[in-house]
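Given next are the chains, with one letter for each unit.
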Amino acid sequence: MTHRQPAQIDERTRAERLTRRFTELYGHPPHGVWRAPGRVNLIGEHTDYNNGFVLPFAIDRAAMVAVRLKQSSDSAAHSADLASSYAPDGRLAKVSFTIDSLSPGSVDGWGAYPAGVVHVLAGLEGIEVPGFELLLDSTVPVGAGLSSSHAVEVAMIVALNDLLGLGLSHPDLARLTRRAENEFVGAPTGIMDQSASLMGRAGGALFLDCRTLESEIVPLPLTERGLSVLVIDTKVAHSHAHGGYAARRASCERAAATLGVTSLRDLSTTADDAAPAPFLDALDVETARRVRHVLTENRRVLETVERLRHGDLNGVGELLTASHVSLREDYQVSCAELDLAVASALNAGALGARMTGGGFGGSAIALVHAVQLDQIRGAVLSAFAAHELQTPDIFTVLPADGARRISLGS
């Protein structure tokens, strides 16, 4: 049984196909093609918007955009015309908007993500965003917790950064895409996903301090060590624009205010169940559990980084599993399908497993010996079938490079 996925098709081939389709659609070629990967968060969940530590890696599934800036002589020179083949049936979905008429809520659906980026850039002093044409394609599954929306936003912003010669740094681009997500799309996400998509590197994970945006690539030599990260997409879709995710963030903000700190990052990272921090007594039971997760998760990130620095990839597994328990019990963002994916993978021999992403659906990941891939995949599928649940999509991912322009020259 093979685990090689269509996402691993040569990206230059994908870019050439996208260029041809763009030319057929708009009648002329694009000025270039840019790609931005999705991400898997190895560990460090719901710590990013608390100014904590995270350890994601960019994956070998990416959003790709072909873009052409309009000329002043073009008809509708100040409008943006967007199309996407990012749909199950492959048919094009189209969106148009005028640059200077953008405001939060003015564009919905998939078009809100590139529109949000344009809105934020156009609001910066000294920057004028012209009209443009765009064609989007992506291999990042929607709703799977692999940051499909941020991949689109990052692809958009790196394309405009290049085409307009803005010279913005990766941290600048990460902050701007966070603003687009928070202010235009209305999703209260942190800065991890954009940063991973921008700054990821093949063979490594991105250790990121979400308060300072200081980062380090930590070795994650999966293939060399005979290991794989297995993604189990439960097909339970989630959304960050409303609901439980926003409630968890608001709970953390209230806790920080009660405890007199700017963010939960300012509290000790050594709290655990055996020796709870005394300041938790000042909070109600539910809020204390939320805070305890953030504190212990920060500590797990730091310990994971140390183990990776010392080449102890096997030892990372127990920390992944502990993270899931905390997300399930203290932060309460798991669901029955995620719990089943984790339990069945562990029972079949995974070194560790946990939900990844914001929760309430999406994907779980399992760190496994590559020789056990078929065994663990089969166990998960059998467990879902026995519970009469929708068949999950199961595939492997590897750490990949961050966003960039794709060269189409000979």
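Right above here is the structure, for reference.
One structure accompanies this document, and this report is about it. (Residues numbered from 1 in each chain as written. Predicted model: local features only at pLDDT ≥ 70, side-chain atom pairs only at ≥ 80, totals over all residues. Heavy atoms only, no water.)

What to know about the side chain of Thr177
How we decide: Here a helix means four or more residues in a row that DSSP labels H or I, a strand means two or more in a row labelled E, and each is numbered from the N terminus. Should any heavy atoms of two residues lie within 4.5 Å, those residues are considered in contact.
When you line up the elements, Thr177 lands in helix H4 (residues 170–185). For Thr177, the residues in contact, after removing those within four places along its chain, are Val117, Glu153, Val154, Ile157 and Gln194.

A few points about the environment of Gln332
Where we set the bar: Burial classes follow relative accessibility: with a 1.4 Å probe on protein chains only, a residue under 20% of its type's maximum area counts as buried, one over 50% as exposed, and anything between as partly exposed. Any N or O atom pair separated by 3.5 Å or less is treated as a polar contact, with the protein-specific requirement of one donor-capable and one acceptor-capable atom, and with residues adjacent in sequence counted only for side-chain atom pairs.
In this fold, Gln332 is placed in the loop between helix H8 (316–329) and helix H9 (336–347). We classify Gln332 as partly exposed; its relative accessible area is 33%. C-alpha of Gln332 to C-alpha of His293: the two residues are 39 residues apart in sequence and 9.7 Å apart in space. In contact with Gln332, other than residues within four places in its own chain, are Arg248, Arg289, Arg290, Leu327 and Phe360. In terms of polar contacts, Gln332 uses its side chain to reach the side chain of Arg290, at 3.0 Å.

Let's talk about unusual backbone geometry
It is generally the case that most residues other than glycine have a negative phi and that most peptide bonds are trans. Even without being a glycine, His46 presents a positive backbone phi close to 65°. With respect to the helices and strands, His46 occurs in the loop between strand S1 (32–43) and strand S2 (53–69). Accessibility expressed as a relative area gives 3% for His46, which makes it buried. The backbone phi angle of Glu388 is positive, close to 55°, even though this residue is not glycine. Glu388 sits in the exposed class, given a relative accessible area of 74%.

Here's the deal with the packing of aromatic side chains
Selection rule: Classification of ring pairs uses Phe, Tyr and Trp, with its six-membered ring standing for Trp, and accepts pairs whose centres are within 6.5 Å; under 30 degrees between planes counts as stacked, over 60 as edge-to-face, and the remaining range as tilted. In this scheme, the term charge over a ring applies when either NZ of a lysine or CZ of an arginine sits within 6 Å of the ring centre and within 35 degrees of the ring normal.
Under the criterion given, the structure shown has four aromatic pairs. Geometrically, the ring pair formed by Phe97 and Phe132 is edge-to-face, given 6.5 Å between the ring centres and 75° between the ring planes. Of this pair, Phe97 sits in strand S4 (residues 93–98) while Phe132 sits in strand S5 (residues 132–138), placing them 35 residues apart in sequence. Accessibility assignment for this pair places Phe97 and Phe132 in one class, buried. In this structure, Arg61 is placed above the aromatic ring of Phe395, and the distance from its NZ or CZ to the ring centre is 3.9 Å.

What about the packing of H8 against H9?
What counts is decided by this rule: Fitted lines through C-alpha atoms serve as axes, helices being fitted only where they are in contact, and the angles separating the N-to-C directions of these axes extend from 0 to 180 degrees. Angular relationships are summarised with four words: roughly parallel below 35 degrees, roughly antiparallel beyond 145, roughly perpendicular across 65 to 115, and oblique for the angles in between. Crossings are sorted by hand: turned counterclockwise from the far helix by less than a right angle, the near helix makes the crossing left-handed, and turned clockwise it makes it right-handed. The classification used treats Ala, Val, Leu, Ile, Met, Phe, Trp, Tyr, Cys and Pro as nonpolar, Asp, Glu, Lys and Arg as charged, and all other residues, Gly among them, as polar.
Packing of H8 against H9 brings their axes to within 12 Å, and their N-to-C directions diverge by 155°. When the axes of H8 and H9 are compared, the pair comes out roughly antiparallel. Where H8 crosses over H9, the two elements pack in a sense that is left-handed. Contacts between H8 and H9 involve Thr321, His324 and Arg328 on the former and, on the latter, Leu338, Asp339, Val342 and Leu346. Residue classes in the contact of H8 with H9 are distributed as three nonpolar, two polar and two charged.

Here we look at the nonpolar core
Inclusion rule: Only buried residues count toward a nonpolar core, which is a set of Ala, Val, Leu, Ile, Met, Phe, Trp, Tyr and Cys residues joined through side-chain atoms within 4.5 Å.
If you look at the biggest cluster of nonpolar residues, it comprises 77 residues, and the most contacted ones within it are Leu55, Phe57, Phe97 and Phe132. Sequence-distant contacts of Phe57, defined by excluding residues within four places in its chain, comprise Gly38, Arg39, Val40, Leu42, Gly204, Ala205, Leu220, Val229, Val397, Leu398 and Pro399. In terms of nonpolar packing, the next biggest core, distinct from the first, is built from 39 residues, Ala256, Tyr331, Val342 and Ile394 among them.

Points about the sheet that holds strand S8 (residues 227–233)
As a reminder of what qualifies: Pairing between strands is defined by DSSP: at least two bridges between them are needed.
Taken in spatial order, the four strands line up as S9-S10-S8-S11 in an open sheet, and their pairing is antiparallel. Each edge of the sheet is formed by a strand with only one pairing partner; in this case those strands are strand S9 (352–356) and strand S11 (393–397). With strand direction ignored, the average angle separating the axes of adjacent strands in the sheet is 25°. Here five bridges tie S8 to S11, and the two strands are oriented antiparallel to one another. Along S11, the bridge assignment pairs Val231 with Phe395. In the packing of H9 onto the sheet, the strands contacted are S8, S9 and strand S10 (363–369), and the crossing angle to S9 comes to about 165°.

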